[in-house]
Amino acid sequence: MKILWPVCLLLILTACKEPEAPAQIIRPAQVWTVKEQTTISNTTYSGEIKARFEADLSFRVGGKIIRRTVDTGASVTSGQLLASLDTTDLNLNADAAQANLRTALSEQATAKAELNRNQQLFRQNFISKAMLETYLNRYNASQSNVKSMSAQLDIAQNQSGYSQLKADKNGVITTVYAEAGQVVAAGQPVMHIAYAGEREVHIRVGETTAQTLATGTPVEIRFWSQPSNIYSGEVREVSPATDTTRSFLVKISLKQPPNDLRLGVTADVSLPTTSGTTSGSWIPSTALFQQGQQTAVWIVGNDKRVQLKPVAVLAYSEDGVSIDVLPAGTQIVAAGVHKLTAG
């Protein structure tokens, strides 16, 4: 049997050769190059239209609601009846006060007659001065009692009038808290009214903006229903404390609002640059990565490996965010940041 030595040697050499390592696959990523540093010119916040003056309406006496004449969204005028209470007990109180007043008037008349009679006896020296003063004191006490009973009657009659809840000014009922048949206490809110007149925009801002924003600052306002129109306004009030959203409420007065402006519509407010605003770099919001309590971005190195760099957000806008300064030309990962690991 002949042996093919060249062929066998080739097979042996082939079997002893180590397999080649697979080529490293570079995963593509969307990268954003930081441009030259820019100064924040304005920041846009979304808010809603509110009435400058609003109030909770309530009865000044307690009782059972027997009628409600308006619903949420109803426009009301000054003096219009909104709801009524059962007046049975209130009328009884007024009747009792009226009876007490009549009794007091009768006692006053009796005391006056006794005083007049004893004054004549005193002039004729039939009674002493001390006796006369006793009858005078009785008359004075009866007069005070009449005044007291008259005041009680006025209170009872006023309470009967308080059984009707009326609008004190023109406005719109924005909320109804109670229904007919419900028993309410004095001062318990029954309805909420937004008074007619001045309208304003309410927005909420962060701590940095609230510290640097001054009252009277002019702003530009756009309504979502009228995106092509720009209206002027000015900052009327900046809340000194945060609310449940951990932000600061800012109230902005509208100088010349449109006539058909409805409560609750959405408005965009552009706040100008304030003295506390610093230069920053604009990046897409998708590039932000949250590492615990710290905001960061993924920096792409020359070796195409990524490292996490903490940054501070200066302002949010509709199309991105402004962060503290990054050198121009720095490359960061702009999408899929939560699927990356260092290196």
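Residues numbered from 1 in each chain as written. Predicted model: local features only at pLDDT ≥ 70, side-chain atom pairs only at ≥ 80, totals over all residues. Heavy atoms only, no water.

Participant: Help me understand the packing of aromatic side chains in this model?
Facilitator: To describe a pair of aromatic rings, you give the distance between the ring centres and the angle between the ring planes. This structure, assessed with the given rule, holds two aromatic pairs. On the basis of an interplanar angle of 55° and a centroid distance of 5.2 Å, the ring pair of Phe-223 and Tyr-231 is categorised as tilted. Judged by its relative accessible area of 15%, Tyr-231 is buried. (Phe/Tyr/Trp six-rings, centres within 6.5 Å; stacked < 30°, edge-to-face > 60°. Buried < 20%, exposed > 50% of the residue type's maximum accessible area, 1.4 Å probe, protein only.)

Participant: How should I be thinking about the sheet that holds strand β5 (residues 63-68) in this particular structure?
Facilitator: Strand pairs in the sheet, formed through backbone hydrogen bonds, run parallel or antiparallel to each other. Ordered by their spatial adjacency, four strands build an open sheet running β8-β7-β5-β10, and the pairing between neighbours is antiparallel. The outermost strands of the open sheet, each flanked by one partner alone, are β8 (164-166) and β10 (183-184). Pairing between strand β7 (residues 81-85) and β8: three bridges, direction antiparallel. In the sheet register, Ser-84 faces β8, and the bridge partner there is Gln-164. (Pairing = 2+ DSSP bridges. Helix = DSSP H or I, 4+ residues; strand = E, 2+ residues; numbered from the N terminus.)

Participant: What am I meant to see in unusual backbone geometry here?
Facilitator: As a rule of thumb, non-glycine residues mostly have phi less than zero, and peptide bonds are mostly trans rather than cis. Notably, Asn-125 is not glycine yet its phi reads approximately 65°, a positive angle. As for its placement among the helices and strands, Asn-125 is situated in the loop between α2 (88-123) and α3 (129-161). Judged by its relative accessible area of 68%, Asn-125 is exposed.

Participant: In this structure, what is going on with the confidence of the model for the protein chain? I would like to understand it.
Facilitator: Close inspection of predicted coordinates is inappropriate in any region flagged by low pLDDT. Looking at the protein chain as a whole, its pLDDT mean stands at 85, while 87% of the residues score no less than 70. By mean pLDDT, helix α1 (residues 5-16) is the weakest element of the protein chain at 50, and β7 is the strongest at 96. Taken together, the stretch residues 274-278 has pLDDT below 50 and engages in six contacts with residues farther than four places along the chain or on a different chain. (pLDDT = per-residue confidence, 0-100. Contact = heavy atoms within 4.5 Å.)

Participant: For this particular structure, what's the right way to read the packing of α2 against α3?
Facilitator: Any two packed helices are characterised by how steeply their axes cross, that is the angle between the axes, and by the distance between the axes. Remark: α2 packs on α3, axes separated minimally by 8 Å, with the N-to-C direction vectors making an angle of 160°. Considering their axes alone, α2 and α3 lie roughly antiparallel with respect to each other. As for the relative orientation of α2 and α3, their crossing is left-handed in sense. Class assignment for the residues of the contact of α2 with α3 results in 17 nonpolar, 15 polar and five charged. (Axes fitted to C-alpha atoms, helices over the stretch in contact; angles between N-to-C directions. Parallel < 35°, antiparallel > 145°, perpendicular 65-115°, else oblique. Left-handed = near helix turned anticlockwise from the far one by under 90°. Nonpolar A, V, L, I, M, F, W, Y, C, P; charged D, E, K, R; others polar.)

Participant: How do you make sense of the sheet that holds strand β9 (residues 171-176) when you look at a structure like this?
Facilitator: On the basis of which strands lie adjacent, the open sheet formed by four strands has the order β4-β11-β9-β6 and antiparallel pairing. Looking at strand neighbours, the two that pair on one side only are β4 (54-58) and β6 (75-76), the edges of this open sheet. Examined bridge by bridge, β9 and strand β11 (residues 189-195) share five bridges and lie antiparallel to one another. Among the inter-strand pairings, Ile-173 is bridged to a residue of β11, identified as Ile-193.

Participant: When you look at the side chain of Ser-270 in this model, what are you seeing that I'm missing?
Facilitator: Relative to the elements of secondary structure, Ser-270 occurs in strand β16 (residues 266-272). Under the relative-accessibility criterion, Ser-270 is labelled buried at 13%. Among the polar contacts made by the side chain of Ser-270, one reaches the side chain of Thr-44 at a distance of 3.5 Å. Not counting chain neighbours up to four residues away, the residues in contact with Ser-270 comprise Thr-43, Thr-44, Val-219, Glu-220 and Arg-222. (Polar contact = N/O pair within 3.5 Å; in protein donor to acceptor, adjacent residues only side chain to side chain.)

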